[in-house]
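# A structural walkthrough
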Amino acid sequence: MTIAPDTLPEIPEAEVLREDNGYHAFCGLTCTGWLYQKMKDSFFLILGTHTCAHLMQNALGVMIFAKPRFGVAMVEEGDLSAPQIDITDIVKNIVEEHNPSIIFLLNSCTPEIMKVDFESMARRLNQQFNNVPVLPVRADGLEYTMTQSEDCVIESLLQFCPVAPAGDKRIVFMGAVNDVNTTDLKREAEKLGLPVAGFVPANTIGELPAIGPDTILAPLHPYVAKSITQFSRLRGAKVLQSQFPIGPDGTRVFFEDLARHFGKEINLAEREAEIWRNLESKVSAIRGKRIFITGDNMLELPIARFLRKCGAELIEVGTPYVNRKFHKRELQALNGLRVVEMPNMHRQIRDIRELKPDLVVTNFWEANPFEAEGIATKWSTEIIFTPIYGFTGASDLANLFARALNRHRKLDVLDWKEFLPNNQEN
Ligand code: SF4
């Protein structure tokens, strides 16, 4: 990965403790939920089992009636002992019914464990349907968190990005964000005189931007390290190393660093201050609160940095994975905090019960039991589906936490604790 500028200031970073847990994250297949909506000419076909189908139906079931552009090709026991799994008819139906420009073929745990030759399967389908590319993508819940699988999908898109000639110095934003955030980020860059080539992923395959040796790849998420590394290695593009554009503080640093790649020194202090002023009613609900992040969506580092700026006390910042190089600037901003990679879930639950934070940011299977014990929670999955990027996304971001805290405060007024087992106090 080529990271510029080379002269990054040497600032102390948060020390990262590593524990022993596996990921306690939502399955990688769930990235389908936001990616099929983002890429409007795509189809996501999962090679999975009944378990995967149930997950997709339950997690994304609300969209079933909208003729969604995703589906599960069910692997039965007999398929696993067959020389090859044949899904030609399923793909034929998808092509006829949905007319996609691209099909992502996602594998799941069972084919992965059974060592199904996924790449050859996609190659065969590509020969049969040669005007609709079928791209094999690893997104199984064994290896990837729900957000890291987005990284795998993006990585597969490089081949469709035209090659930009040397001298074409423009920004390519990396990471799926919704149309509102896309427009805001582009407008912000252009207002500062920074040329934008586009976004990966784009709304359609034909809109993917050109990438070449002078492209500046600007990561929007902390979980696109793999695709950024590939794009940089294969096309020689430069990679922006900065904070992620989450929260007014991160967005300011992101654009100031981006401008430096174009030889511009800009100062967005006043812009940042104005956004904080507008957020005050929400920030005041967060200020002084003790917050514990258990960690599963890979957005924990920038979220913790934002909450700290709001004046919260972060008891622990758990996260599935830290890439010391890619997350360097966020780790610098978290210096002094307890950051735990692959945290032990049982130890975290014990600590939360003992320390009684004001808010726990966690996955939903831990959130509901904590709520029942009187501990306020925020579902980490909700953060993924909220447009939190850029200066304009800051309001939605602050609102996620302020709303959870305010709701809990209102419940207290209702004297609901008398319904807790043994009438326990929070
Ligand atoms: S891919 Fe694995 S973790 Fe995901 S739903 Fe299927 S079986 Fe479960």
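Residues numbered from 1 in each chain as written. Predicted model: local features only at pLDDT ≥ 70, side-chain atom pairs only at ≥ 80, totals over all residues. Heavy atoms only, no water.

### Examining the overall build of the protein
- Helix and strand content of the protein: 17 helices and 15 strands.
- Scaling as 2.2 N^0.38, a compact globule of 426 residues should have a C-alpha radius of gyration of about 22 Å, and the protein matches this with 22 Å.
- Referenced to the eigenvectors of the C-alpha coordinate spread, the extents of the protein come out at roughly 60 × 60 × 40 Å.
- In the protein, buried positions account for 57% of the 426 residues. (Helix = DSSP H or I, 4+ residues; strand = E, 2+ residues; numbered from the N terminus. Rg over C-alpha atoms; globule rule 2.2 N^0.38 Å. Buried < 20%, exposed > 50% of the residue type's maximum accessible area, 1.4 Å probe, protein only.)

### Examining the packing of helix α7 (residues 148–155) against helix α9 (residues 225–235)
- Axis separation between α7 and α9 bottoms out at 7 Å; the angle between their running directions is 25°. Here α7 is positioned roughly parallel relative to α9, judged by the angle of their axes. Contacts between α7 and α9 involve Asp-151, Cys-152, Ile-154 and Glu-155 from the former and Ala-225, Lys-226, Ser-227, Gln-230 and Phe-231 from the latter.
- Split into classes, the residues belonging to the contact of α7 with α9 amount to 4 nonpolar, 2 polar and 3 charged. (Axes fitted to C-alpha atoms, helices over the stretch in contact; angles between N-to-C directions. Parallel < 35°, antiparallel > 145°, perpendicular 65-115°, else oblique. Contact = heavy atoms within 4.5 Å. Nonpolar A, V, L, I, M, F, W, Y, C, P; charged D, E, K, R; others polar.)

### Remarks on the pairing of strand β11 (residues 290–293)
- Here β11 runs beside strand β12 (residues 313–319); their pairing, made up of 4 bridges, is parallel. Looking at the pairing, Arg-290 lines up with Glu-313 of β12.
- Between the parallel elements β11 and β12, the chain passes through helix α12 (residues 300–309) in a crossover that is right-handed.
- Of the pairings in the sheet, the one linking β11 to strand β14 (residues 359–362) comprises 3 bridges and is parallel in character. Paired with Ile-293 across the bridge in β14 is Val-361. (Pairing = 2+ DSSP bridges. Right-handed = clockwise from strand over helix to strand, strands pointing away.)

### Describing the UniProt feature "binding site: [4Fe-4S] cluster" (unreviewed entry) in the protein
- If you check UniProt for "binding site: [4Fe-4S] cluster" (unreviewed entry), the listed places come out as Cys-27, Cys-52 and Cys-109 in our numbering. Spanning 83 residues, the named residues form one tight spatial group whose C-alpha atoms are at most 9.8 Å apart.
- Topologically, Cys-27 is positioned in the loop between β2 (16–18) and α1 (32–38).
- With residues near it in sequence (within four places) discarded, Cys-27 still touches Leu-55, Gly-141 and Met-146.
- Within the element layout of this structure, Cys-52 appears in helix α2 (residues 50–60). (UniProt positions renumbered as here; feature names shortened; annotations may be inferred.)

### Things to note about the sheet that holds strand β3 (residues 42–48)
- In space, the 4 strands of this open sheet follow the order β4-β3-β5-β6, with parallel pairing throughout. Either end of the sheet is taken by a strand with one partner, and the two such strands are β4 (70–74) and β6 (134–138). Strand-to-strand twist across the sheet, computed as the mean angle between neighbouring axes with direction ignored, equals 25°.
- Sheet topology note: the strand β5 (residues 102–107)/β6 ladder contains 5 bridges and is parallel. Directly across from Leu-106, in β6, lies its bridge partner Val-137.
- Contacting β3 and β4, α2 crosses the sheet at an angle of about 160° to β4.

### Observations concerning the site of the ligand
- The ligand sits among Cys-27, Leu-29, Thr-51, Cys-52, Leu-55, Ser-108, Cys-109 and Gly-141.
- No other element matches the 3 residues that α2 contributes to the shell around the ligand.
- Looking at the shell around the ligand, its residues break down into 5 nonpolar, 3 polar and no charged. (Near = heavy atom within 4 Å.)

### A short note on the side chain of Ser-149
- Relative to the helices and strands, Ser-149 resides in helix α7.
- What makes Ser-149 buried here is its relative accessible area of 0%.
- Looking at Ser-149, its side chain comes within polar contact range of the main-chain oxygen of Gly-28, at 2.6 Å. (Polar contact = N/O pair within 3.5 Å; in protein donor to acceptor, adjacent residues only side chain to side chain.)

### Thoughts on the layout of surface pockets
- Of the pockets and cavities examined, the largest pocket occupies roughly 350 Å³.
- In this structure, the largest pocket is lined by 21 residues; those nearest its centre are Trp-34, Ala-176, Val-177, Asn-178 and Ile-384.
- Secondary-structure elements contributing two or more residues to the lining of the largest pocket are α1 and α8 (179–191).
- When residues in the lining of the largest pocket are grouped by element, the largest group, 4 residues, is from α1.
- Partitioned by chemical class, the residues of the lining of the largest pocket number 10 nonpolar, 7 polar and 4 charged. (1 Å grid on protein atoms, 1.4 Å probe; cavity = no way out; pocket = protein on both sides within 12 Å on 5 of 7 lines; lining within 4 Å. Points joined across faces, edges and corners; volume = space filled by probe spheres on them.)

### Structural notes on the nonpolar core
- Ranked by internal contacts, the top residues of the largest apolar core, which has 105 residues, are Phe-104, Phe-173, Val-200, Leu-258, Ile-303, Leu-307 and Phe-401.
- Examining the composition of this core, we find that 8 residues originate from one element, helix α17 (residues 390–413), more than from any other.
- Every residue in contact with Ile-303, bar those within four places of it in the chain, is listed here: Ile-246, Ile-293, Ile-383, Ile-388, Leu-397 and Phe-401.
- By size, the runner-up hydrophobic cluster in this structure holds 18 residues, among which are Ala-73, Phe-118, Leu-125 and Phe-129. (Core = buried A, V, L, I, M, F, W, Y, C linked by side-chain atoms within 4.5 Å.)

### Section: the sheet that holds strand β15 (residues 377–379)
- Taking strand neighbours across the sheet as the criterion, the 6 strands line up as β2-β13-β12-β11-β14-β15 in an open arrangement whose pairing is parallel. This sheet does not close on itself; its edge strands, each paired only once, are β2 and β15. Between one strand and the next, the sheet's axes are offset by a mean angle of 20°, whatever the strand orientation.
- Packed on one face of the sheet, α12 meets β11, β12 and β13 (339–341) and runs near 175° to β12.

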